[in-house]
Protein chains: 4
Amino acid sequence: MSSSSPVSEYRYRRRVQFSEVDSARIVNFSRYFSYMEEAEHALWRQAGLSIAPRGATFGYARIGASFEYHSPLRFEDEFEVLISIARITTRTMRYDCQVTRGADRIATGVMTIVCVTGGEGEPLRSMPIPAEIAARFAVAAGVSA
Amino acid sequence: MSSSSPVSEYRYRRRVQFSEVDSARIVNFSRYFSYMEEAEHALWRQAGLSIAPRGATFGYARIGASFEYHSPLRFEDEFEVLISIARITTRTMRYDCQVTRGADRIATGVMTIVCVTGGEGEPLRSMPIPAEIAARFAVAAGVSA
Amino acid sequence: MSSSSPVSEYRYRRRVQFSEVDSARIVNFSRYFSYMEEAEHALWRQAGLSIAPRGATFGYARIGASFEYHSPLRFEDEFEVLISIARITTRTMRYDCQVTRGADRIATGVMTIVCVTGGEGEPLRSMPIPAEIAARFAVAAGVSA
Amino acid sequence: MSSSSPVSEYRYRRRVQFSEVDSARIVNFSRYFSYMEEAEHALWRQAGLSIAPRGATFGYARIGASFEYHSPLRFEDEFEVLISIARITTRTMRYDCQVTRGADRIATGVMTIVCVTGGEGEPLRSMPIPAEIAARFAVAAGVSA
């Protein structure tokens, strides 16, 4: 699972499950954010990391997330989520995300995370991404930042 | 929210949300377990308690859960979840659950929880329900145990 | 539930449920989109309408949705979702959304829907929002479009 | 995907996703029902069928579902869901379900479905499972019915 060179993108394959489809018989728009999150965590595993290892004293919170929807997904559709690192700063990382089904463009997403620390009930405080973690990632070529 | 006499049942009112309805245009069967859990936590609040207070060193795990389904729920239906305590032992509590929409029987559930402790990565170990917590609850009259 | 004057905003109250909180012990970022959708449907009911009446031959698809996150929500927090109509065009409607917990700003969202028709397996095609539906809504005062 | 001999069980592999883990940092008990449903639909695909083909005039409703929980699952755990057909009658099918992580027993489930027909807003009515569908399935050897 580990990888010696930095990781910049990951192609995550998935099938639409029945309970993800809402009463309009298309995938509910909120589910795409879970798909993007699943792809993000697969990207981290590709980099040899867990985004939330047990006992960790810091983690990652979302600053923002968005999707534009081009075409619907339906039950049992097989699709791909291509997640790419668009920007890395001292404390944040931004991903671009393309959801496709074969040649069909389905949706386009963006998500930004920030490294945070903070116990239960305390406010979250941002902190720099530890160097050994940041070193595992790189901005993807060809991402329009 | 607190209550001086022990609490034995709670009537929780809810409306079906769009994303809870699956591709068959009825509420997905797995959602009833969330409805039962929401009603359980409302019952605990009625007893002046949170089932998961911040910083707690113990909690409650599920031993078993089941539903029988009589009639479907659809988008925007208003329904009731009547949760009743059917049995209390030293370490466990069992609930009965009736889901109804007006006079219509929708579903009937059962759920058993056990008091547990255990840090991250450790196995969960059962422990007695603390006396001051058990004292807030009583078995509901008329529950067929 | 019906209302004679057009509806432009709705204040939806909600409590965080246990299963909405993820492994970081804060509400998962994807859930805010469900909260916004629940508030939207409550706004429609306030206007005397269902967004998805049974047997309808048309409905509403999402063009885009986004959230910016300011502060986390935790289990059993009570919060408000203020959804406001920011723009209405012939075929689309855009909402602004403010999630707050008391005086705390939690998150800020935007969502755009388009009126669509199309049977199962067919592509969705946009269509004008029927006049009698559009007449029930108005742009909220003070929304910065 | 099609198969000439009847299908009686399916071994479905899965990884725990972040949003499936609740505030206790273990998979929420309600999620196991989705895991069982995902495995069921994979079993049907193995039999060359979709459980919900587009345009179908009949489908399958749940009569009952239950789980007993032996040990928790945590974020990023890889696990298996072995779903086996325990009983087939004219109108119903019953599955047994074993969730394991390596050698660890995690949970044991049962689910019964009934073939139904019924348009929107009508009550669901049971009907015999069509012969060409029933012929694709067989009771699993060694299932204790």
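As the structure is a computational prediction, the values presented were derived from the model and not from experiment.

Caption draft 1: Structural context of the overall build of chain A. Counting its regular elements, chain A contains 2 helices and 6 strands. For 145 residues, the compact-globule formula gives about 15 Å, and the C-alpha radius of gyration of chain A, at 16 Å, lands near that figure. Based on the C-alpha atoms only, the size of chain A along its principal axes is roughly 40 × 40 × 30 Å. Across the 145 residues in chain A, those meeting the buried criterion constitute 39%. Excluding contacts between residues fewer than 6 apart, the proportion of contacts in chain A whose partners are at least 24 apart in sequence is 70%.

Caption draft 2: A look at the relation of the copies chain A and chain D. When chain A is fitted to chain D, the residual RMSD is 0.0 Å, and the transformation amounts to a turn of 180° plus an axial shift of 0.0 Å. This pairing of chains is accounted for by a two-fold axis. In terms of C-alpha distance to the rotation axis, chain A has Arg14 of chain A as its closest residue, with the C-alpha 5.6 Å off the axis. Both copies share a contact surface, since 100% of the interface residues of chain A are interface residues in chain D too.

Caption draft 3: The arrangement of the interface of chain C and chain A in detail. Counting residues at the interface gives 22 residues for chain C and 22 residues for chain A. Those elements that place two or more of their residues in the side of chain C that touches chain A are helix H1 (31-46) and strand E2 (58-69) of chain C. Each residue belonging to the side of chain C that touches chain A can be placed in one class, and the counts come to 11 nonpolar, 6 polar and 5 charged. When strand E2 (residues 58-69) of chain A meets E2 of chain C, the two strands line up antiparallel, connected through 5 bridges. Each bridged residue has a counterpart across the sheet, and for Gly64 of chain A the counterpart in E2 of chain C is Glu68 of chain C.

Caption draft 4: Inspection of the relation of the copies chain C and chain A at higher detail. At an RMSD of 0.0 Å, chain C and chain A line up after a rotation of 180° and a shift of 0.0 Å along the axis. Of the interface residues in chain C, 100% have counterparts in chain A that sit at the interface too, so the contact is made through matching surfaces.

Caption draft 5: A look at helix H1 (residues 31-46) of chain A. Between its first and last C-alpha atoms H1 of chain A spans 23 Å; for 16 residues at 1.5 Å apiece the expected length is 22 Å, and the two agree. In terms of burial, H1 of chain A is a largely internal element, 12 of the 16 residues being buried. Looking only at H1 of chain A, the buried set comprises Arg31, Tyr32, Phe33, Ser34, Tyr35, Met36, Glu37, Ala39, Glu40, His41, Leu43 and Trp44 of chain A. Those residues of H1 of chain A that are buried are in contact with strand E1 (9-15), E2, strand E3 (78-88), strand E4 (92-101) and strand E5 (104-117) of chain A together with H1 of chain C. Backbone geometry just after H1 of chain A places Gly48 of chain A at a positive phi near 80°.

Caption draft 6: View of the pairing of strand E5 (residues 104-117) of chain B. Residue and element names in this part refer to chain B. Bridge count for strand E2 (residues 58-69) against E5 is 11 bridges, and the pairing is antiparallel. Looking across to E5, one finds that Phe58 is bridged to Thr117. In this structure, strand E4 (residues 92-101) lies alongside E5, joined through 10 bridges in antiparallel fashion. Opposite Thr92, over in E5, you have Val114 as the bridge partner. Linking E4 back to E5 in an antiparallel pair, the connection comprises 2 residues, with Gly102 at a positive phi of about 60°. As paired strands, E5 and strand E6 (residues 125-126) are joined by 2 bridges and run antiparallel to one another. Across the sheet, Val116 pairs through a bridge with Ser126, a residue of E6.

Rules behind the numbers
- Residue indices begin from 1 for each chain and proceed along its sequence in written order.
- Chains and ligands are labelled by the order in which they are written, letters from A for the one and numbers from 1 for the other.
- With the structure being a predicted model, the display of local features is reserved for residues of pLDDT at least 70 and the display and counting of side-chain atom pairs for 80 or more, all residues being used for whole-chain, interface and lining totals.
- Starting at the N terminus, helices and strands are each numbered in turn, a helix being any DSSP run of H or I of at least four residues and a strand any DSSP run of E of at least two.
- The reference for a compact globule is 2.2 Å times residues^0.38; the radius of gyration itself is calculated from the C-alpha atoms.
- The burial label depends on the number of other C-beta atoms within 10 Å of a residue's C-beta. Counts of 20 or more mean buried, 12 or fewer mean exposed, and intermediate counts mean partly exposed, with C-beta atoms placed from the backbone.
- Placing C-beta atoms from the backbone, we regard two residues as in contact once those atoms come within 7 Å.
- Here the copies are matched by least squares. The fit uses the C-alpha atoms of residues with pLDDT of at least 70 in both.
- Each residue gets one of three labels, nonpolar for Ala, Val, Leu, Ile, Met, Phe, Trp, Tyr, Cys and Pro, charged for Asp, Glu, Lys and Arg, and polar for the others, Gly among them.
- At least two DSSP bridges between two strands are needed for those strands to be called paired.
- Here the expected span of a helix is defined as 1.5 Å times the quantity of residues minus one.

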